[in-house]
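Structural overview for review
Read off the chains here:
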Amino acid sequence: MSGVQHLTVGEDESGGRLDRWFKRHFPRVPHGRVEKMLRKGEIRVDGGRAKAATRLEAGQSVRIPPMPDAAAPPRDRKPEVSEADAEFIRSCVIYRDDHVIALDKPAGLASQGGSGQTRHVDGLAAALKFGREDAPRLIHRLDKDTSGVLILARTPKSAHALGEAFRSKAARKTYWAAVAGVPSPRQGTIRYGLVKAPGAKGEKMLCLHPDEVAGRQGAKRAVTDYAVVDSAGKRASWVAMRPITGRTHQLRAHVAEIGSPIAGDGKYGGSGQTNEGSGWGAGLGGGLSRKLHLHARELILPHPEGRGRMLSFTAPLPEHMARTWEMMGWDPSGPDEDPFEELA
């Protein structure tokens with residue numbers, strides 16, 4: 001049994017939650033026990049009581065009550081990620097500094113575990129320590145079959161700052177998609193609310209008229225700006241989208257609701273979907289890939305260290321979408337002008 005300890009919060013730990021800080025220092029202590037020690041006032045910050053969600057600041061002193069020696073982290077831990085998986089996830093890195101890691105997540109790789117997912121970014125993050133003691137932490141998510149820019153924070157302070165950038169809408173995300181038909185009008189804002197579909201196999205969302213959101217339990221408002229960048233007659237179009245809110249399956253459900261489901265999206269408008277374009281729905285035919293054609297193309301956000309510096313990340317189209325762009329005669333380098341300029 002160890003005695004009372006007083007640990008000082010480090011500079012790179014500033015802004016992190018107390019419970020997460022404790023878990024990093026004492027990984028073998030169950031979360032339930034940490035909560036109990038907090039309720040009893042055994043864990044204190046600068047001599048005062050604290051809660052699990054208390055945000056720590058550099059230099060603060062955290063009181064740790066006596067605990068069994070078994071609570072200490074094991075000295076010799078087996079490798080958490082295989083060599084092949086480590087090489088794979090490191091190959092996805094498109095930017096790294098002391099605070100941030102940006103990945104170009106491939107389609108087919110889940111962001112986090114759940115629903116039988118055993119291989120995911122969160123689990124592979126241990127291979128992205130690059131000399132640090134702790135693995136970086138996901139700040140947001142992309143659907144398993146959506147490719148593109150994904151951000152991780154390397155310190156609790158950075159995680160707090162980056163999370164706040166997403167919550168305050170200071171982060172600007174742009175997605176590219178190939179959709180069936182051509183949305184009309186060619187530029188606009190979709191404001192349908194979203195609610196989980198009852199009895200659906202797996203996760204699926206239903207769209208609601210904005211006026212229905214307040215009266216529907218579990219419904220949330222959702223807003224997406226979109227703009228048609230190019231089209232192949234009435235058969236299909238290249239659409240850029242900017243989610244103003246960040247709801248589950250928001251982009252996929254929104255464009256399907258206006259009659260132009262994303263190519264390869266069997267969940268929101270399979271091959272039998274009828275629309276004013278070609279009527280081919282998610283299966284555009286013509287030899288095109290049936291993989292989901294949704295890509296997180298660009299992300300712009302403030303650097304977590306502040307000082308007015310902005311970070312801008314761009315991910316190239318995945319192979320299956322690049323082939324579609326070539327077949328449709330679309331320029332994968334992107335439009336010359338901002339397609340959202342008029343909406344702004």
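Structure's up top.
Summary of the structure given here. (Residues numbered from 1 in each chain as written. Predicted model: local features only at pLDDT ≥ 70, side-chain atom pairs only at ≥ 80, totals over all residues. Heavy atoms only, no water.)

Let's talk about a positive patch on the surface
Taken together, the side chains of K169, R191, K220, R221 and R247 present a region of like positive charge at the surface. Secondary-structure assignment places R221 in the loop between β12 (205-208) and β13 (224-232). (Patch = residues over 30% accessible without salt bridge, like charges linked within 9 Å, V, L, I, M, F, W, Y side chains within 5 Å. Areas by Shrake-Rupley, 256 points an atom, 1.4 Å probe, with all protein chains shown as cover. Salt bridge = Lys/Arg side-chain N within 4 Å of Asp/Glu carboxyl O. Lys, Arg positive; Asp, Glu negative; His and termini not counted. Charge placed at Lys NZ, Arg CZ, Asp CG, Glu CD. Helix = DSSP H or I, 4+ residues; strand = E, 2+ residues; numbered from the N terminus.)

Quick notes on helix α2 (residues 31-39)
Along α2, the positions that sit buried rather than exposed are V34, M37 and L38. Around the axis of α2, the buried residues are gathered within 100° of arc, so they sit on the same side. Residues of α2 that are buried sit in contact with α1 (18-25) and β3 (48-49). (Buried < 20%, exposed > 50% of the residue type's maximum accessible area, 1.4 Å probe, protein only. Arc of directions from axis to C-beta. Contact = heavy atoms within 4.5 Å.)

Notes on the packing of aromatic side chains
By the definition in use, this model includes six aromatic pairs. Where W176 meets W238, the ring centres are 4.9 Å apart and the plane angle is 65°; that geometry is what we call edge-to-face. Taken as a pair, W176 in strand β9 (residues 172-180) and W238 in strand β14 (residues 236-243) lie far apart in primary sequence, 62 residues in all. The structure contains a cluster of three or more aromatic residues connected by ring pairs, namely W176, W238, W325 and W330. The side chain of R96 reaches across the aromatic face of F130, ending 3.9 Å from its centre. Its guanidinium or amino end placed over the ring of F88, R119 lies 4.5 Å from that ring's centre, counting from NZ or CZ. (Phe/Tyr/Trp six-rings, centres within 6.5 Å; stacked < 30°, edge-to-face > 60°. Lys NZ or Arg CZ within 6 Å of the ring centre and 35° of its normal.)

Details of the pattern of salt bridges
In the structure shown here, the tally under the stated rule is nine salt bridges. With a shortest N-O distance of 2.8 Å, R17 and D19 are connected by a salt bridge. The exposure class assigned to D19 is buried, which follows from its relative accessible area of 10%. Between K40 and E42 there is a salt bridge, with its nearest N and O atoms 3.5 Å apart. A cluster of three or more residues bridged by salt bridges with shared partners is formed by D143, R252 and D265.

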